Structures are given as C-alpha cells and as structure tokens.
Amino acid sequence: MKFWRRLRFYGIGLAIGTILTFIIFGNRGCSWLPENRVLERVATSSMEITGDALCRAECMGLHPDDLYKALSSEGMEVYFSESDTKAENKHYILKGDHKGDELEIGVLLIDTLARVDEVALSGFSGDCDCSDAREENFILWKPEDVLRKELLGLTPGVTSTARCQLESIGLTKEALADVLRKGSLDYELSDLYGNANPHWAMHPEDDESISFILEQGDKTVLLREVRCDDCRPCPE
C-alpha cells in the first residue's frame, strides 16, 4: 500500500512540474515534441526552393534570406492539420510572423533536404504571374550575416597547404581572422554538397582576386586552400 501511495504522490508531483514547465517555458527545449522535431529537422537540413516558390516570394517582396531566417527561427509553428504527414516524403505547412503579416511556407522533407515549394503572405493582395517560372530548384543559401556569426564562433585552423599558399603572397595565418570578420562571401564558388562538410568561399575585404576556401565543421572552421593567380603551387 505504501508503494502505491508513494507512486501516486510521485505522479502528482510529475504532473505539477510538467504543467509549471509549460507555463514558464512553453514548448521550448522539448525536442521530443512533434512540432519541435519537425522544426529542428527543417532548420538543420540543406535548404532549396522551387522556381515557382522563388518567383512568388520575390513578387511579394520577400528575399530568400527572409525565408531562410524564418525556417531557422523559433517563431514558426507547424500546422499539422494542413500538412501531409502520411506520404513517404512528408510535406509540412509552417506559419509565423513576418513584419506584422502571417508568412506561410510549405516545406517538403526529402532525407536531409528541406525544399520550399509554397510561399504566401497574408498582407499581400497582388497577383503574381509565375507561369514562366523556371522548373528547377535553387539553393536557399545561408544568409551571410548568419554564416559569419557561425564561423566566428568556431575554432579556426589552417592546413599546411593553405599556410604555404598564404606565405607565397606575403600573408600569414592571421589573415583568416580578418576574412572571417570583414571578408565577403562568394556563393558561386562555395560548395555545400560535394564534400562531407560544407565548403565556403570568402574574399578578403576589397580584394576578390583572392579566395579563401573554408571547411565548416561542428566545432572548427578550417582554411583548406587559397586560390589566386599569384599563389604558388603547394603540396597537399
């Protein structure tokens, strides 16, 4: 009898603690909740957008950076009743605030890819003609300010090849810190899918003739190579 009494008190305490946690924190930090699992998967996936969705977003005055930041934020909610969760590749409808209007984004999840295929904005009343939109998908790049913040929070490193290349043009490994703080990102030279980790290309401030190829890991950012006309060949 004592056991059941203790179990009853334990259950009451657990219930009260759970209720207080939700009152104070909402569903933040509860990664096991279905909504948070979906949002986390979207935020940690490689993102792309269909040509039609990109056309509509631009017609509504939305920049691709707006969509990326929305999908990576904690302000979006998953509308399961409007989503297709029974298909092999699940399709979710996410909604959240964007400058006072409701932003709706449809996302198709395919393995480690999140593909945006629907975009709507409640405050937009115009008519978007996207009949001529290109029938292909485009990378939804990580915004430069978001990437820079991430890279500056990682431990920097330089390969022996990159160090040799830096020395050939009169630079030292300290140049990496300057590029991370003030350099410009080159999306066309960057490669998200060709390697185990994403490779980003950045140019020193006001000098696009030099490209720093950076590998972003979980805890480190590694300068793998330096590309320029004056860089001498260095052993890998």
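An account of the accompanying structure is given in this report.

So, about the layout of surface pockets. Roughly 400 Å³ of volume is contained in the largest pocket. Taken together, 17 residues line the largest pocket, and the ones lying closest to its centre are Thr44, Ser45, Ser46, Tyr68 and Lys142. If you list the elements that add at least two residues to the lining of the largest pocket, you get strand S1 (46–50) and helix H5 (144–152). Class assignment of the residues belonging to the lining of the largest pocket gives a composition of 9 nonpolar, 6 polar and 2 charged.

We now examine the sheet that holds S1. The strand order across the open sheet built from 6 strands is S2-S3-S4-S5-S1-S6, with neighbouring strands paired in mixed fashion. Both edges of this open sheet fall to strand S2 (77–78) and strand S6 (137–139), since each of them pairs with a single strand only. Across the sheet, helix H4 (residues 64–71) is in contact with S1, strand S3 (91–98), strand S4 (101–110) and strand S5 (113–121); its angle to S4 comes to roughly 75 degrees.

The next subject is unusual backbone geometry. In this model, lysine 99 sits at a positive phi of 55 degrees, which is unusual for a non-glycine residue. Topologically, lysine 99 is positioned in the loop between S3 and S4. Classification of lysine 99 by relative accessible area gives exposed; the value is 75%. Even without a glycine there, the phi angle at aspartate 206 is positive, about 60 degrees. Among the structural elements, aspartate 206 can be located in the loop between strand S9 (199–203) and strand S10 (211–216).

Turning to the state of the cysteines, a few remarks are in order. Disulfides are covalent bonds that connect the sulfur atoms of two cysteines. Scanning all chains against the criterion turns up 4 disulfides. Between the sulfur atoms of cysteine 164 and its disulfide partner cysteine 234 the distance amounts to 2.0 Å. In this structure, the disulfide formed by cysteine 164 and cysteine 234 twists by about -70 degrees around the S-S bond and is classed as left-handed. One end of the pair, cysteine 164, is in helix H6 (residues 160–168); the other, cysteine 234, is in the segment after strand S11 (220–227), with 70 residues separating them in the sequence. Among the residues examined, cysteine 234 registers a relative accessible area of 14% and is labelled buried. Shown here is the disulfide that connects cysteine 228 with cysteine 231, its sulfur atoms set 2.0 Å apart.

When their charged atoms lie close together, side chains carrying opposite charge are able to pair. Under the counting rule described, the total for this entry stands at 11 salt bridges. Put simply, arginine 134 and glutamate 136 hold a salt bridge, and the shortest N to O gap is 2.7 Å. For glutamate 136, a relative accessible area of 34% gives the class partly exposed. Close ionic contact of glutamate 150 with lysine 142 constitutes a salt bridge, the shortest N to O distance being 2.9 Å.

We now examine the packing of aromatic side chains. For the structure shown, the criterion picks out 3 aromatic pairs. Pairing tryptophan 141 with tyrosine 187 gives two aromatic rings, centres 5.0 Å apart and planes at 45 degrees, and the pair type is tilted. In this pair, tryptophan 141 is assigned in the loop between S6 and H5 and tyrosine 187 in strand S8 (residues 184–191), connecting sequence segments 46 residues apart. Overall, the relative accessible area of 24% leaves tyrosine 187 in the partly exposed class.

Taken N-terminus to C-terminus, the directions of H5 and helix H7 (residues 175–182) make an angle of 145 degrees; their axes are 9 Å apart at the nearest point. The segment H5 lies against H7, with Arg148, Leu151 and Leu152 engaging Val179, Leu180, Arg181 and Lys182. Residue composition of the contact of H5 with H7, by class: 4 nonpolar, no polar and 3 charged.

A few words on the sheet that holds S9. Read from one edge to the other, the open sheet built from 5 strands follows the order S7-S11-S10-S9-S8, with strand pairing classed as mixed. The sheet is open, and its two borders are formed by strand S7 (155–158) and S8, each paired with just one other strand. Here the strands of the sheet are splayed against their neighbours by 35 degrees on average, with no regard to which way each runs. Across 4 bridges, S9 lies against S10 in antiparallel orientation. Its bridge partner lying in S10, histidine 199 is registered against glutamate 215. The sheet contacts of H6 involve S7, S10 and S11, and relative to S11 the element is tilted by about 50 degrees. Against the sheet, H7 makes contact with S7, S8, S9, S10 and S11, and its axis sits at roughly 85 degrees relative to S10, the strand it touches most.

Definitions and limits used
- Residues numbered from 1 in each chain as written.
- Predicted model: local features only at pLDDT ≥ 70, side-chain atom pairs only at ≥ 80, totals over all residues.
- Heavy atoms only, no water.
- 1 Å grid on protein atoms, 1.4 Å probe; cavity = no way out; pocket = protein on both sides within 12 Å on 5 of 7 lines; lining within 4 Å.
- Points joined across faces, edges and corners; volume = space filled by probe spheres on them.
- Helix = DSSP H or I, 4+ residues; strand = E, 2+ residues; numbered from the N terminus.
- Nonpolar A, V, L, I, M, F, W, Y, C, P; charged D, E, K, R; others polar.
- Pairing = 2+ DSSP bridges.
- Contact = heavy atoms within 4.5 Å.
- Axes fitted to C-alpha atoms, helices over the stretch in contact; angles between N-to-C directions.
- Buried < 20%, exposed > 50% of the residue type's maximum accessible area, 1.4 Å probe, protein only.
- Disulfide = S-S within 2.5 Å.
- Salt bridge = Lys/Arg side-chain N within 4 Å of Asp/Glu carboxyl O.
- Phe/Tyr/Trp six-rings, centres within 6.5 Å; stacked < 30°, edge-to-face > 60°.

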